[in-house]
Amino acid sequence: MFGLHRPRTRSRSQWPDGPRRRSARRSRWRRWAAAVLAAAAVLVTVGALRPVPAGGVGVPTLVMVRDVAAGQVVSADDVELVARARGQRPATALTTAAEVVGRTASGPLAAQEALTPGRLVGGDLLAGQPSDHVALSVPVVDAGSVGVRPGNHVDLYATGSGAQVASDVVVLAVHDSGQTTGLGVAAPPRLTLALGPRQASDVARGLGTLEVGQSLVLAVRHSSPTAQ
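Here's what I pulled together on the structure shown here. Since this is a predicted model, take the numbers as computed values, not measurements. (Residues numbered from 1 in each chain as written. Predicted model: local features only at pLDDT ≥ 70, side-chain atom pairs only at ≥ 80, totals over all residues. Heavy atoms only, no water.)

**Observations concerning the overall build of the protein**
And step 1. Along the protein, the regular secondary structure elements total 2 helices and 9 strands.
And step 2. Listed by position from the N terminus, the elements making up the protein come as α-β-β-β-β-β-β-β-β-α-β.
And step 3. Burial status across the protein gives 27% buried among its 228 residues.
And step 4. In the protein, the share of contacts with a sequence separation of at least 24, taken over all contacts with a separation of at least 6, comes to 60%.
And step 5. Summing over all exposed atoms, the protein offers an accessible surface of approximately 15,100 Å²; the carbon and sulfur share of this is 58%. (Helix = DSSP H or I, 4+ residues; strand = E, 2+ residues; numbered from the N terminus. Buried < 20%, exposed > 50% of the residue type's maximum accessible area, 1.4 Å probe, protein only. Contact = heavy atoms within 4.5 Å. Areas by Shrake-Rupley, 256 points an atom, 1.4 Å probe, with all protein chains shown as cover.)

**Details of the sheet that holds strand 6 (residues 153-158)**
And step 1. The antiparallel open sheet is built from 5 strands, whose spatial order is 5-8-7-6-9. One side of each edge strand has no neighbouring strand; the edge strands of this open sheet are strand 5 (134-139) and strand 9 (216-220). Strand-to-strand, the axes of this sheet are offset by a mean angle of 45°, without reference to chain direction.
And step 2. Two strands pair when backbone bridges link them, and strand 5 and strand 8 (residues 190-195) are joined in this way by 6 bridges, in the antiparallel orientation. (Pairing = 2+ DSSP bridges. Axes fitted to C-alpha atoms, helices over the stretch in contact; angles between N-to-C directions.)

**Points about the environment of Arg119**
And step 1. Within the secondary structure, Arg119 sits in the loop between strand 3 (104-105) and strand 4 (120-121).
And step 2. For Arg119, a relative accessible area of 17% translates into the label buried.
And step 3. Separated by 53 residues in sequence, Arg119 and Leu172 place their C-alpha atoms 8.4 Å apart.

**So, the nonpolar core**
And step 1. Judged by nonpolar contacts, the single largest core of 19 residues is most densely connected at Val138, Leu156, Leu191 and Leu193.
And step 2. In terms of residues, this core owes the most to one element, strand 7 (residues 164-175), which gives 5 residues.
And step 3. Listed in part, the 11 residues of the second largest apolar core include Leu62, Val68, Leu94 and Leu109. (Core = buried A, V, L, I, M, F, W, Y, C linked by side-chain atoms within 4.5 Å.)

**Observations concerning the pattern of salt bridges**
And step 1. Evaluation of the coordinates by the stated rule reveals 4 salt bridges.
And step 2. Asp155 is paired through a salt bridge with Arg221; the nearest N and O atoms lie 2.8 Å apart. Here Asp155, found in strand 6, pairs with Arg221, found in the segment after strand 9; they are 66 residues apart in sequence, far enough to count as distant.
And step 3. Taking relative accessible area as the criterion, Arg221 reaches 36% and is therefore assigned partly exposed.
And step 4. Among the charged side chains, a salt-bridge network with shared partners connects Asp155, Asp168 and Arg221. (Salt bridge = Lys/Arg side-chain N within 4 Å of Asp/Glu carboxyl O.)

Have a look at this one:
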């Protein structure tokens, strides 16, 4: 007696590729393509909303576009925002024009120079200093030869007597020489210092002992390993 023979069924891969299956595949591909395009659109939108400095990949850095003399007020046309690698910019470099415009150059500013707070004089010159500190400008001997810069800690001595008039004070700004007095003699370079009440009094007395044309002698202290 012969058993019943069940007809073979085709696997799904053996069924003819009919219009319904082709239509289903096209629908799936359209859904995938739409999802990919939507994701790309989101990325483009986010990138467009994020401020990107001119110059491509890097850290936003505010730089000078032209030379500006010491004592000149910096305008919006004098600066631009560019991208610079971290190793090619000071750690304290400014990143917005609002931090600069309207402030005064503490010394000559060169084109393409990255701007830092110490290179400008303004209302926030004493930012970060104790509330009882004042900013005082003093004449010094040959500041350029010792490479003093804003942020350095220095000692000051009176020429002639050699007496110390200030110890371990912070330099806020460096003003190069270049201007002349009424007699045609070049004025000495000056430092703007952050001084506490007692330090300011000592420096004022020290300046009072100087003769005409004399300046204070500058000594830069060794920076600590953690100093920036």
